[in-house]
Amino acid sequence: GMGHYDPRPPAQVAANIVASLQSHWSSCRDADESSSSDNANSNATSTNTNTNTNTNTHTKPKILITQGDPMAERGISAITPLVSELLGIPRGLVVLDDHIDPHHAANAPRDNVVVEYRYSDMLRVLKQHQQQQGGNMNNMANGSDGGCIATQLEDTVDAHLARKNARRLQMDKPPLQSYFKDYVMLQEVTKAACRAVCDEITVAHTAHSISDFSVTSFYEVGIELGLLDFDQHYVPYGVVEELDFDKIDKR
């Protein structure tokens, strides 16, 4: 979501996000129950003696993963604690290693945070998961060539950055700041690693419209690589608002 430049009241944004999340999870539970019922009926009429082991993954304990934006009156760092409070769930924190950004971890808010990891931990999780899957990410990276998933992520991020900077050049805007890549990699590696560990993940956007020149906009990278599925794993913000990014985001 947007940083401190987000002009909207955090409490209202948080309430809208929670409503969207609860609706999404309810739909997922209904789909799981329908699938379980269909499987049970199939097992009852089949000569196959295998036991139906389908479980509802959407009843797993939940945790809200955040990525260390410095505390501000508005924006993502003000919104996520409210979402955590409204849902009654703890938060987890993933931050950049000090050699990448020495200020990121130091400035990260830690209210209600019960676990904390570094970017290098997420990379290690992806590498281990890929090794366990026999060298590729299987259903997590459909169509991949079987190479290192972290390298595939970085190459795809670079390609998206190049396209965005080409558009900015046409608009007489400077290239995106060099730190963008670090935070984009943190975002996409964290999502992929969390899905690898938990199997299920829900990503909630904090606005219906997303600036093409924001870190959030790089969510398309994970989808392009098959690491996440938009319909299954993403919850769009449920309220359409008029946001003039040229005015509110001066980057």
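Everything here concerns the structure above.
Because the structure is predicted, anything quoted here is derived from the model rather than measured.

### Some thoughts on the packing of helix H3 (residues 119–132) against helix H5 (residues 179–198)
- For the pair H3 and H5, interaxial distance at closest approach is 9 Å and the crossing angle is 45°. The orientation of H3 relative to H5 falls into the category oblique. Viewed along their axes, H3 and H5 form a crossing whose handedness is left-handed. Here Tyr119, Met122, Leu123, Val125, Leu126 and His129 of H3 come into contact with H5, specifically with Met185, Leu186, Val189, Thr190, Ala192, Ala193, Ala196 and Val197.

### Here we look at the packing of aromatic side chains
- Taken as a whole, this structure holds five aromatic pairs when the rule is applied.
- Geometrically, the ring pair formed by Tyr219 and Tyr234 is tilted, given 5.4 Å between the ring centres and 50° between the ring planes. Residue Tyr219 is located in helix H6 (residues 219–224), and its partner Tyr234 is located in strand E5 (residues 234–235); the two are separated by 15 residues in the primary sequence. For the pair Tyr219 and Tyr234, a shared accessibility class is recorded, and that class is buried.
- Ring geometry for Phe230 against Tyr234: centres 5.6 Å apart, planes inclined by 15°, an arrangement best described as stacked.
- Judged by its relative accessible area of 31%, Phe230 falls in the partly exposed class.
- Exposure remark for Tyr234: the relative accessible area of 2% places this residue in the buried category.
- Each residue in the set Tyr179, Phe180 and Tyr183 is aromatic and connected to the rest through ring pairs, giving one cluster.

### A word on helix H2 (residues 76–87)
- Between its first and last C-alpha, H2 extends 16 Å over twelve residues, near the 16 Å set by a 1.5 Å rise per residue.
- Restricting attention to buried positions, one finds in H2 the residues Ile76, Ser77, Ala78, Ile79, Thr80, Val83, Ser84 and Leu87.

### Section: the sheet that holds strand E3 (residues 113–118)
- Strand order in this open sheet of three strands is E1-E2-E3, and the pairing throughout is parallel. With one partner strand each, in any of the chains shown, strand E1 (64–66) and E3 form the two edges of the open sheet. Between one strand axis and the next, the sheet turns through 20° on average, direction left out of account.
- Of the strand pairs in this sheet, strand E2 (residues 91–95) and E3 are connected by five bridges, and their pairing is parallel. Each bridged residue has a counterpart across the sheet, and for Leu93 the counterpart in E3 is Glu116.
- Most of the contacts of H3 go to E3, to which it runs at about 75°, and overall it touches E2 and E3.

### Regarding the nonpolar core
- Leu126, Leu153, Val157, Val189, Phe218 and Leu227 are the most contacted members of the largest nonpolar core, which has 29 residues in total.
- Contributing elements (two or more residues each) for this core: H3, helix H4 (149–170), H5 and H6.
- In terms of residues, this core owes the most to one element, H5, which gives eight residues.
- The next biggest cluster of nonpolar side chains, apart from the first, holds 13 residues, and it includes Ile17, Val83, Ile89 and Tyr237.

### Points about the packing of H4 against H5
- Between H4 and H5, the shortest axis-to-axis distance is 10 Å and the interhelical angle comes to 135°. Comparing the axis directions of H4 and H5 gives the class oblique. With respect to the hand of their crossing, H4 and H5 are arranged in right-handed fashion. Contacts between H4 and H5 involve Ala150, Leu153, Glu154, Val157, Asp158 and Leu161 on the former and, on the latter, Phe180, Lys181, Val184, Met185, Glu188 and Val189.
- Of the residues assigned to the contact of H4 with H5, the class counts are eight nonpolar, no polar and four charged.

Conventions we followed
Residues numbered from 1 in each chain as written. Predicted model: local features only at pLDDT ≥ 70, side-chain atom pairs only at ≥ 80, totals over all residues. Heavy atoms only, no water. Axes fitted to C-alpha atoms, helices over the stretch in contact; angles between N-to-C directions. Helix = DSSP H or I, 4+ residues; strand = E, 2+ residues; numbered from the N terminus. Parallel < 35°, antiparallel > 145°, perpendicular 65-115°, else oblique. Left-handed = near helix turned anticlockwise from the far one by under 90°. Contact = heavy atoms within 4.5 Å. Phe/Tyr/Trp six-rings, centres within 6.5 Å; stacked < 30°, edge-to-face > 60°. Buried < 20%, exposed > 50% of the residue type's maximum accessible area, 1.4 Å probe, protein only. Expected span 1.5 Å × (residues − 1). Pairing = 2+ DSSP bridges. Core = buried A, V, L, I, M, F, W, Y, C linked by side-chain atoms within 4.5 Å. Nonpolar A, V, L, I, M, F, W, Y, C, P; charged D, E, K, R; others polar.

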